[in-house]
Structures are given as structure tokens and as C-alpha cells.
Amino acid sequence: MADTKSSVFNVKDLNLWYGDNQALYDINMDIKENDVTAIIGPSGCGKSTYVKTLNRMVETVPVVKTSGEIEYRGKNIFDKNYLVEDLRTKVGMVFQKPNPFPKSIYENIVYGPKIHGIKDKKTLDQIVEKSLKGAALWDEVKDRLHENAYGLSGGQQQRVCIARCLAIEPDVILMDEPTSALDPISTLKVEELIQELKKDYSIVIVTHNMQQAARISDKTAFFLSGELVEYTDTNTLFSTPSDKRTEDYITGRFG
Amino acid sequence: MALINKDTVSNKMSGRILKNKIAKVIFFIATIIGLLFLGALAYRILTQGLGSLDMDFLTGFTSQSPDRAGIKAGVIGSLWLMSVTAPVTLIIGVATAIYLEEYAKRGRFTRFIQINLQNLAGVPSIVFGLLGLTIFVYIFKTGEIVLAGGLTLGLLVLPVIVVAAQESIRSVPNELREASYGMGATKWQTVRRIVLPAAIPGILTGGILALSRAIGETAPLLLVGAATAIFTLPSGIFDPYTAMPIQIYSWTKAPQPEFEYVASAGIIVLLVILLLLNSIAVFIRNKFSKRL
């Protein structure tokens, strides 16, 4: 069933080093359209590094080297001619810690459209409403769009960041532990939101929380010490893992 | 079994507290010494200078006779100098800082520049005077004009401004840059829309503090030929000039003892202008920080 969907990312033999330390080993992974793909694993297993490689955000660390290929919609993103700005326009990202800009809610949302050259005030207004509705935040903030985003609660700030990401209408949304800094109620809201968003977007989410992966994802990948141990349907992975290490991890025997 | 002997602890208690009190007294005395000298300086200058400080002093040119000497040419000259120094150093300094912090790859080359910047910031001002004399006055044959003086002062404060701007760019949280790059922004868009607005209060504070150092400098201006006695105001950056500290310096060397009072009055004017500049710096910083 899942195999009839087309691939968004096709990762082939990906290796990654921070200086002399290898962080990812021979990753091969096919990420499908409109799936929620969860990446789980213990701290330091490379899952954050991996998801940041998908939009080449990892390159902000100067000593990073990679080998192998990541094809996004059929094109290798490590190709010399591939514009990283173009990739990140299509592959949006939500970070671990809410990181709104120190500007108004409105200015946060229109930042992306503005840098891509959209100036028309009416269009921008529509984008703000659509994105905030998309992030299930519109009703809470519609009367204070021009107040500073720093005045919002942590959960609201994270949804501003999600709305900001939606505003550039990406194809894929990468989420790096988006709920780890949030309380349970905000977490629930973000999880519900992800269920809504998967109708229109492909989502890759890194999570520390196995229950969360089980609740929201279609496919789950288990990383351990920089290796992809197992990658399959979420139900299969949690009910009948094929690798002993996966089983140990999901049953809480380590990690 | 307890590893800590409770008796030892209580015996040591009063000693530790006494040492803390002694430390406090030492630090207090150190502060007072600084304040005493500052107070003495202010007292001496005010008592000597206030008598000569009147409207005529502010609006008159310098003169052979102490009771007719004024500082107008110095004030206007200093303002002209700043009109050259400020834009040149702020633009070049901030651009350099942006390059080093945001664009340049970390490596031997940037580390080399970095070390030299910090060393340059500590080079005595007279050395910059010699540099200005050689480059502007001799090689470019500018003559002894505002432009040469302003650029020389610019060389002097440029490293300070670069370092201050770098610090303040570096203090912008990386998460904000990541958020911007994550939406496909270019480096320049990120710098212009995110990094600079957040860094500008720090840049301006550092910049204005550096400029107030420049406005009080005497030695480099003596070398690049600021006039000591001048009876016309510069009407542009290609005119001869004098500056407040030069004027004060020449009065202290004048033969008549009464010029000492004139010099003190000049110092009061210089200090007032410095304080004004610093309060502008604080004002700008507060205004910009509120917007964040």
C-alpha cells in the first residue's frame, strides 16, 4: 500500500562526519509522500543530525563532511549546482526549541514569504490567516497579531514556528523533537496538528518519545549509534520488530 | 560514619566570615581611591575653568590674550572631524565585522586577522598619527585638512569598532539564524533582517564609545597637522581645522599663566560634549532594545 506512494527523499549510502567523528553510517532510506515518518533512538544516535542533513542545515557546522547521496524528488541535494536556498524553501523545518524571531506574530509569519519576494499586503494578510489556521493558532492570536511573539507561551511559540514554516508552502516539513520543550497539553495540540498536516505535507519527525512515534507516525526508523537499524511501518516496528536491538529499545531495556 | 567533623566546621565559621568582611573593605577602598581622584580632577577643573566659561568663550576664536580666547574653532573643527570619522568607520567597521562573523570560513586566515585586530586596538594613538601623516598628508598630498585628520582618527578607532560589532553580532542567538536559513533565506537576507536588527544596539554603543575616544585624541592630530591657532571655521572637509583637544593643549603651553584657566574651561566643554555623546549612545541603545 505504502509502496504505491512516490518518494520524497531517497537516501543512498549516506555517511556523515563531524571532523574525524563519524556520526552516520551507510544510511539507506526511502521517505514517502504524505507519510509521517518518525525517527527514534537514544540520545546521540544521530537522529537529529540525520534530519538536519535532509535540508542541509547540518552544514552550518563548519567541519561537516558527507558522502553518498540524498535525492529529493529525484535530484541529488549534494550536487554542486543544487541551490541550498531552493532546497530549504521546499523542505521546511521546525526546531527543537521554539525559535520565533523577536518580532510581532504577523512579522514572524510573513518573514518567509517576504524573503521570497511577496510584497502584496493583501496576499500577505491571507497567508498569515491561512498559516495560523493551519497551525491551529488563529483563534488564540487573531486579535493580537501585532504583538511580540515572545509574549506567547512556549506551546504557542512553537505553533507560531510551525505556522511560519507553513507560510512558505513547503513540500516537506522536518521536525526536530518539536515537542520536547513543551508541556503535555501543548504536546497534544502539536500532535493533533501533525495529523492534520499530513494530508497536505510529508513530515519527518525526530522524537525522543516512543509513544509519540507510535501515536502519530506511519513509518518509524530506529537509529542506534549512527546506524539505521530498522525502518518499517510503525505498527510492524512496535509489534513485531525484526531486529533484537529494536526490540530491546522499544521494550525499554536500554536507552 | 561522618567524614566531616562538625567541630572543625563551626570553628572555621567565624574566620571565613571575617575574611569575607575584610575582602569587602579592600574592594570598597579600591573603589574610593578611583572616585577620590576623579573628584579632585573635577574640582580642580571646575574651580579653575568655570570663571572663564561664558558665551564669549563658546563663540570666540582663540586669541593672544587669555580673556578673549574662545573655543568655537575647536568645537566646530571636532564636529567636522567626526563627520568624516563616524560614517567611514561605522560603515567599514560593521561591514568587516559582518564578513568575519557571518561569511568568512573559520581558519588560519580569519584567526590571523582576528589577532591583528585585537593588537591594533591596543596600538598607541601616536603610531596611527604617523601612519596618517605618511599615507594621507605625504602620499596622497591632502595637506593639513579635515579629511586627513578625520581619516587618521578613523584608522585609530576602526579596530575597536570592528571588535565591538563582532561581539554584538556573535551574541545574536544562533537559533534565529537557523530559523531564517531554514526558510531558504540567503546569508545577506538573514544578516539584514535578523542579525543586524538584533545586533544594532550593541554596535551603536560600541561605535559611539569609540568615537568619543576619537574626539578626545590629541597626539595623532598634532602629527597630521591640525592648526593650533586658526581664525576661520572649516566650511568643508578640504579646509584646515583645529580640534578641541588641540586647542586645549596649545593653551596649556602658552606663556601667560592665565591660559591655564582658559584650558580648564576648554576641558569642561570637551567633557560636556563627551557626556552628551555617551548619553546619546545610551538613549539609542534603549530605544532599539525596546523594539526587540
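Residues numbered from 1 in each chain as written. Chains lettered and ligands numbered in written order. Predicted model: local features only at pLDDT ≥ 70, side-chain atom pairs only at ≥ 80, totals over all residues. Heavy atoms only, no water.

Undergrad: Break down the overall build of chain A for me, citing the residues and quoting the values.
TA: Along chain A, the regular secondary structure elements total 10 helices and 10 strands. The C-alpha atoms of chain A give 18 Å as radius of gyration, which agrees with the globular expectation for 255 residues (18 Å, within 12%). For the C-alpha atoms alone, the extent of chain A along its principal axes is close to 55 × 45 × 35 Å. The buried share of chain A, reckoned over its 255 residues, is 54%. The long-range share in chain A, meaning contacts at least 24 apart out of those at least 6 apart in sequence, stands at 67%. In the structure as shown, chain A presents an accessible area of about 11,300 Å², 48% of it carried by carbon and sulfur atoms. Averaging the positions of the 32 positive and the 37 negative side-chain charges in chain A gives two centres separated by 4 Å. (Helix = DSSP H or I, 4+ residues; strand = E, 2+ residues; numbered from the N terminus. Rg over C-alpha atoms; globule rule 2.2 N^0.38 Å. Buried < 20%, exposed > 50% of the residue type's maximum accessible area, 1.4 Å probe, protein only. Contact = heavy atoms within 4.5 Å. Areas by Shrake-Rupley, 256 points an atom, 1.4 Å probe, with all protein chains shown as cover. Lys, Arg positive; Asp, Glu negative; His and termini not counted. Charge placed at Lys NZ, Arg CZ, Asp CG, Glu CD.)

Undergrad: Give me the interface of chain A and chain B: which residues, what numbers.
TA: In this complex, chain A contributes 25 residues to the contact, which on the side of chain B involves 17 residues. Taking both partners together, chain A and chain B bury about 1,800 Å²; carbon and sulfur atoms supply 64% of that area. The interface formed by chain A and chain B includes 1 salt bridge. Between Lys97 of chain A and Glu175 of chain B there is a salt bridge, with the nearest N and O atoms lying 3.3 Å from each other. Where chain A touches chain B, the interface holds 6 residue pairs in polar contact (both at pLDDT 80 or more). Sorting the residues of the side of chain A that touches chain B by element identifies α2 (84-90), β6 (91-94) and α3 (105-115) of chain A as the ones contributing at least two each. Element by element, the count of residues in the side of chain A that touches chain B is highest for α3 of chain A, at 4 residues. Looking at side-chain class alone, the side of chain A that touches chain B contains 11 nonpolar, 7 polar and 7 charged residues. (Buried area = accessible area lost by both parts, 1.4 Å probe. Salt bridge = Lys/Arg side-chain N within 4 Å of Asp/Glu carboxyl O. Polar contact = N/O pair within 3.5 Å; in protein donor to acceptor, adjacent residues only side chain to side chain. Nonpolar A, V, L, I, M, F, W, Y, C, P; charged D, E, K, R; others polar.)

Undergrad: An account of the UniProt feature "domain: ABC transmembrane type-1" (unreviewed entry) in chain B is requested, with residue identities and associated values reported.
TA: Under the local residue numbering, the UniProt record ascribes the feature "domain: ABC transmembrane type-1" (unreviewed entry) to residues 75-280 of chain B. A distance of 18 Å separates the end C-alpha atoms of residues 75-280 of chain B, which is 76% helix and 0% strand. (UniProt positions renumbered as here; feature names shortened; annotations may be inferred.)

Undergrad: Explain the pairing of β6 of chain A to me, and be specific about the residues and the numbers.
TA: All names here are of chain A. The alternating pattern of β6 places Val91 and Met93 on one face and Gly92 and Val94 on the opposite face, and all of these are buried. Where β6 and strand β7 (residues 172-176) come together, 4 bridges link them in parallel fashion. Its bridge partner lying in β7, Val91 is registered against Val172. (Pairing = 2+ DSSP bridges.)

Undergrad: With reference to specific residues and values, describe the UniProt feature "domain: ABC transporter" (unreviewed entry) in chain A.
TA: When the UniProt feature table is mapped onto this chain numbering, "domain: ABC transporter" (unreviewed entry) sits at residues 9-250 of chain A. Secondary structure content for residues 9-250 of chain A is 38% helix and 27% strand, while the C-alpha to C-alpha distance between its ends is 26 Å.

Undergrad: Got a sec to walk through the environment of Tyr106 of chain A? Specific residues and values, please.
TA: Residue and element names in this part refer to chain A. Tracing the sequence through the fold places Tyr106 in helix α3. Along the backbone, Tyr106 and Phe9 are 97 residues apart, and their C-alpha atoms lie at a distance of 32 Å. If sequence neighbours within four positions are ignored, Tyr106 has contacts with Lys121, Leu124, Asp125, Val128, Leu145 and His146.

Undergrad: Just give me the short version of empty space enclosed by the protein, but keep the residues and values in it.
TA: Using the criterion set out here, one finds 1 cavity of 30 Å³ or more in the structure. In this structure, the largest cavity spans a volume of roughly 30 Å³. Around the largest cavity sit Met93, Phe95, Cys161, Arg164 and Cys165 of chain A together with Ala179 and Met183 of chain B, which together line it. The biggest single contributor to the lining of the largest cavity is helix α6 (residues 154-166) of chain A, with 3 residues. (1 Å grid on protein atoms, 1.4 Å probe; cavity = no way out; pocket = protein on both sides within 12 Å on 5 of 7 lines; lining within 4 Å. Points joined across faces, edges and corners; volume = space filled by probe spheres on them.)

Undergrad: Could you give me a rundown of the packing of aromatic side chains, with the residues and numbers involved?
TA: All names here are of chain A. Counted under the stated rule, the structure contains 5 aromatic pairs over all chains. Arranged with centres 5.0 Å apart and planes meeting at 40°, the rings of Tyr50 and Phe223 form a pair that is tilted. Taken together, the residues span a long stretch of sequence, with Tyr50 in helix α1 (residues 47-54) and Phe223 in strand β9 (residues 219-224) at a distance of 173 residues. Residue class for Tyr50 comes out buried when judged on its relative accessible area of 0%. (Phe/Tyr/Trp six-rings, centres within 6.5 Å; stacked < 30°, edge-to-face > 60°.)

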